[in-house]
Amino acid sequence: MALPDSLAHLPGRHFLFVPGPTNVSDRVLRAMDRPMEDHRSSAFPGFVRPLLEDLKGVFRTAGGQVFVFAATGTGGWEASLVNTRSPGDRLLAVRNGHFSEGFAESARRHGLAVDVIDVEWGEAAPPDRVEEALRADAAHEIKGVLVVHNETATGVTSDVAAIRRAIDAAGHPALLYVDAVSSLASIPFEFDGWGVDLVITGSQKGLGLPAGLGIVCASEKALSATADARCTRSFFDFGDMARANAGGYFPYTPALSLLFGLRESLDILFEEGLDNVFARHHRLAEGVRAAVAAWGLTTCARRPEWVSDSVTAVVVPEGTDGAEVVDIAFRRYNLSLGGGLGRVAGKLFRIGHMGDLNELMVLGALAGVEMAMRDAGIPVSLGTGVGAAAELYAGRPS
Ligand SMILES: *Cc1c(COP(=O)(O)O)cnc(C)c1O
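Residues numbered from 1 in each chain as written. Predicted model: local features only at pLDDT ≥ 70, side-chain atom pairs only at ≥ 80, totals over all residues. Heavy atoms only, no water.

Turning our attention to the domain arrangement of the protein. Under the domain assignment used here, the protein contains domain 1 (15-19 + 273-393) and domain 2 (26-270). Computed from C-alpha coordinates alone, the two centres of domain 1 and domain 2 are separated by 28 Å. Each partner contributes to the interface: domain 1 provides 26 residues, whereas domain 2 provides 27 residues. For the pair domain 1 and domain 2, the summed buried surface comes to about 2,300 Å²; carbon and sulfur atoms form 59% of the total. When residues of domain 1 are sorted by the area they lose upon contact with domain 2, Leu274, Phe278 and Trp306 head the list and together hold 28% of the total. The interface formed by domain 1 and domain 2 contains three salt bridges. Measuring nitrogen to oxygen at the nearest pair gives 3.6 Å for the salt bridge that ties Glu120 to Arg302. Here domain 1 and domain 2 share ten residue pairs in polar contact (both at pLDDT 80 or more) between them. Elements supplying a minimum of two residues to the side of domain 1 that touches domain 2: helix H10 (274-294), strand E12 (311-315) and strand E15 (348-352). Tallying contributions element by element places H10 first for the side of domain 1 that touches domain 2, with five residues. In terms of residue class, the side of domain 1 that touches domain 2 is built from 14 nonpolar, six polar and six charged. (Domains from an automatic or database assignment. Contact = heavy atoms within 4.5 Å. Buried area = accessible area lost by both parts, 1.4 Å probe. Salt bridge = Lys/Arg side-chain N within 4 Å of Asp/Glu carboxyl O. Polar contact = N/O pair within 3.5 Å; in protein donor to acceptor, adjacent residues only side chain to side chain. Helix = DSSP H or I, 4+ residues; strand = E, 2+ residues; numbered from the N terminus. Nonpolar A, V, L, I, M, F, W, Y, C, P; charged D, E, K, R; others polar.)

Written out as structure tokens, the structure is:
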């Protein structure tokens, strides 16, 4: 078998089905293909102000404040923590996969003490255990609760509103920190409605841009916590950003091309309508799950109410290797899938289905997944998954 060194050697369109970066639409690509301009010109605020305002619509917040950093989701984690916390502060983090562990580790590296609620990978964040831990903290030493809305490593979506209810039921003042990197603009997210205090996303997932923006939205309660927060911050300081943004500027050179792309991405999302975007992701995900069932396989998510509409983690049979499926898909079929991360390495592979995507693209990817699984020694009857998904997609009123 010829082994291509890079995508440049593979003919035809590449099928990008990793859970980030996602496909960048032609419209967004064209919008970014523009000369640079002066980010200190008197015209620039006319571009920045509506951009920041419209972003609030994606988070579904009226009172929250949005911060756009030249960073990624990982930078967003850091920004949310260093602006609101002091070294030694205690946090409560739910750990149910690779990314929730990363969020907690970011806190530890900034000198925060993290109490971890460990659950099986494949399970969602447990509101009852969060409530129990907060009730036990009568002195209110715990300053924040860290939850990943959509754990990309396992394809599990947690009920953020239920976590908020748990915090309130315990009568606890902890701030609610939510990683929505792989859910925002793909899966319903309600900043105000769910009482979120800090939420983090990146540009390369649901927003359908290249990586390079770390976006954070902060509630009034979170902003008031910045006054006493003593963690060291410089680049990620909310205060510097807020002061510059108030005039329609940035405290440093913004990632202009990405901002041009973001403008187009928001226009596209609003043209389709956010609720239609969520419905499309749900429908596409249902097709992928129908395929998994038709193959006789299971998702890593252990309960139907936890399955993610933006990424599906498929558990491979004992004795077979998910990493091999990923490598064969890439080399033979020009299809990129996600591998298992951390403790689920080899045990599963992941199909990302978020962003600029439609039914036929998903069916093409599922055909590639079937062939790659067959080639990797997983017994699968070719066409069964594709057929099951197509049955689900066909006949939808247009
Ligand atoms: C991708 C991802 C991240 C990491 O974001 P980067 O942009 O790669 O830094 C964090 N959390 C979740 C849930 C993710 O899916």
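Counted according to the given criterion, the structure contains 31 salt bridges. Put simply, Arg27 and Glu271 hold a salt bridge, and the shortest N to O gap is 2.9 Å. Taken together, the residues Arg27 in helix H1 (residues 26-32) and Glu271 in helix H9 (residues 256-272) connect sequence positions 244 residues apart. The exposure class of Arg27 is partly exposed, given its relative accessible area of 31%. (Buried < 20%, exposed > 50% of the residue type's maximum accessible area, 1.4 Å probe, protein only.)

The next subject is the packing of helix H2 (residues 45-59) against H9. Interaxial distance between H2 and H9 falls to 10 Å at its minimum, and their mutual angle equals 45 degrees. As summarised for this structure, H2 and H9 are arranged oblique, according to the angle between their axes. Once H2 is placed against H9, the crossing between them reads as left-handed. Where H2 approaches H9, its residues Phe47, Pro50, Leu51, Asp54, Leu55 and Val58 are matched on the opposing element by Leu259, Phe260, Leu262, Arg263, Leu266 and Phe270. Tallied by class, the residues present in the contact of H2 with H9 amount to ten nonpolar, no polar and two charged. (Axes fitted to C-alpha atoms, helices over the stretch in contact; angles between N-to-C directions. Parallel < 35°, antiparallel > 145°, perpendicular 65-115°, else oblique. Left-handed = near helix turned anticlockwise from the far one by under 90°.)

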